[in-house]
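# Analysis of the macromolecular model
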Amino acid sequence: MRAFLCSLALLLCSLCHAEANRWGITDPELVREYIAPETSLGEPAVDWRPVLGPIAEEIVAPAKTPLEAAMLLNRHLWKRVGVIYSTRRDRPNQDPLHSMRIGLASCSGLSILLADACRAVGIPARLVGCQWRTKPGNHTWVEVWSEGAWFPLGAFEDCPPDRLWFLDDAAQATSDDPRYAIYATRATLNAQGTRFWGWGVPADDVTARYLRPAVRGPAEGFVRVYVAAERQGVRVAEPFTCRGQQLTTPGPLQDLNDYTALDLPEGAEFTLDFGSARFTHRATANAIFVEKLP
């Protein structure tokens, strides 16, 4: 039995190498750490490649680069497999077949599904995430290797890597406190023995890659506040104005940690005008306002 399992593992590795060559990816470490693995966040190991492989192959057929292929998957995969974002999922780190059975997954489950779909067509992919340092909650996303670099993608978010909603929050991370560092999963421990905070799986600390001056935070004398809206307990994408800005709150299928961000003078009074209702608050750093609409 053990010999059979070893042979099967070698066969899978060979298939991974063959598929990876489509993109010119032959680095053994990339294949071992980010294409061959069956799991990312300690989810149950299931045989997802025969299920996801044919679907992913069809979707990525027009792609010329791994990033282009991954973005096509992120645009079309969800309808094909019948999965939407929801915090009513069974567990955060669901295996992809479980998510497909129940049709629901939160950011971690969605990221696992997208990463596995990428791996099924030979694209190196890993899960990345952190605990937010300046507001409650956490987030998990995906990075894919393309043409010599890692690119972030938000699972279930049809958005280019440089326009993701969480980049401002990620820029507040710090390696000084392991709770608030940004980690990228890998299959085996690195030389430092780094593990993903809260998950305990092997990881690299990639915080420095997200600390870009352009998104470090509000200007001096200003603070950032966060806004969302609900109607009958359900998040709604609702237009509103604040100090002349025309904005929209995140809808029900957007991540629960995704808010409309406003940079306002510290301590200033401001009004959120939704047309059917108005709400007045005072700006304090990292305050979160979830307005209840009629």
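Up top you'll find the structure we're talking about.
Right, let's walk through the structure included here.

### Some details on the overall build of the chain
When you go through the chain residue by residue, the secondary structure sums to seven helices and 15 strands. For the chain, the C-alpha atoms occupy an extent of roughly 70 × 40 × 35 Å along the three principal directions. Split into buried and exposed, the 294 residues of the chain put 52% on the buried side. A separation of at least 24 residues holds for 56% of the contacts in the chain among residues at least 6 apart in sequence.

### A short note on the side chain of serine 86
Checked against the element boundaries, serine 86 lands in the loop between β1 (84-85) and α5 (96-102). Of the residues examined, serine 86 reaches a relative accessible area of 12% and is grouped as buried. At a separation of 3.0 Å, a polar atom in the side chain of serine 86 contacts the main-chain amide nitrogen of arginine 88. Sequence-distant contacts of serine 86, defined by excluding residues within four places in its chain, comprise Leu104, Ala105 and Ser106.

### Some points on the nonpolar core
It is characteristic of soluble globular proteins that their nonpolar side chains tend to be buried jointly. With 48 residues, the main nonpolar core has Leu73, Leu77, Trp78, Cys118 and Val144 as its most contacted residues. At the level of secondary structure, the elements contributing two or more residues to this core comprise α2 (28-34), α3 (49-60), α4 (66-81), α6 (107-120), β3 (125-131), β4 (138-146) and β5 (149-153). If sequence neighbours within four positions are ignored, valine 144 has contacts with Leu67, Ala70, Cys118, Ile123, Pro124, Ala125, Ala149, Trp150, Phe151 and Leu153. Core analysis: the next-biggest nonpolar cluster, separate from the first, contains 19 residues, Val223, Val236, Phe274 and Ala287 among them.

### Regarding the sheet that holds β3
Reading across from one edge, β5-β4-β3-β6-β7 is the order of the five strands in this open sheet, with antiparallel pairing throughout. What marks the edges here is a single partner per strand, and that holds for β5 and β7 (203-205). Averaged over all neighbouring strand pairs, the angle between strand axes comes to 30°, with direction disregarded. Direction of pairing for β4 relative to β5: antiparallel, over a ladder of five bridges. Bridge pairing links glutamate 143 to proline 152 in β5. The strands touched by α6 are β3 and β4; relative to β4, the strand with the most contacts, the crossing angle is about 10°.

### So, the packing of α4 against α6
Look at α4 against α6: their axes get within 10 Å of each other, and the N-to-C directions meet at 115°. Note on packing geometry: the crossing formed by α4 with α6 is right-handed. Counted together, Ala70, Leu73, Asn74, Leu77, Trp78 and Val81 of α4 and Leu110, Leu113, Leu114, Ala117 and Cys118 of α6 form the full contact between these two elements. Of the residues assigned to the contact of α4 with α6, the class counts are ten nonpolar, one polar and no charged.

### Considering unusual backbone geometry
Despite not being glycine, phenylalanine 156 has its phi angle at roughly 75°, a positive value. Mapped onto the fold, phenylalanine 156 is located in the loop between β5 and α7 (167-170). Phi is positive for arginine 243, which is not a glycine, with a value near 50°. Relative to the helices and strands, arginine 243 is located in the loop between β10 (239-242) and β11 (245-248).

Conventions we followed
Residues numbered from 1 in each chain as written. Predicted model: local features only at pLDDT ≥ 70, side-chain atom pairs only at ≥ 80, totals over all residues. Heavy atoms only, no water. Helix = DSSP H or I, 4+ residues; strand = E, 2+ residues; numbered from the N terminus. Buried < 20%, exposed > 50% of the residue type's maximum accessible area, 1.4 Å probe, protein only. Contact = heavy atoms within 4.5 Å. Polar contact = N/O pair within 3.5 Å; in protein donor to acceptor, adjacent residues only side chain to side chain. Core = buried A, V, L, I, M, F, W, Y, C linked by side-chain atoms within 4.5 Å. Pairing = 2+ DSSP bridges. Axes fitted to C-alpha atoms, helices over the stretch in contact; angles between N-to-C directions. Left-handed = near helix turned anticlockwise from the far one by under 90°. Nonpolar A, V, L, I, M, F, W, Y, C, P; charged D, E, K, R; others polar.

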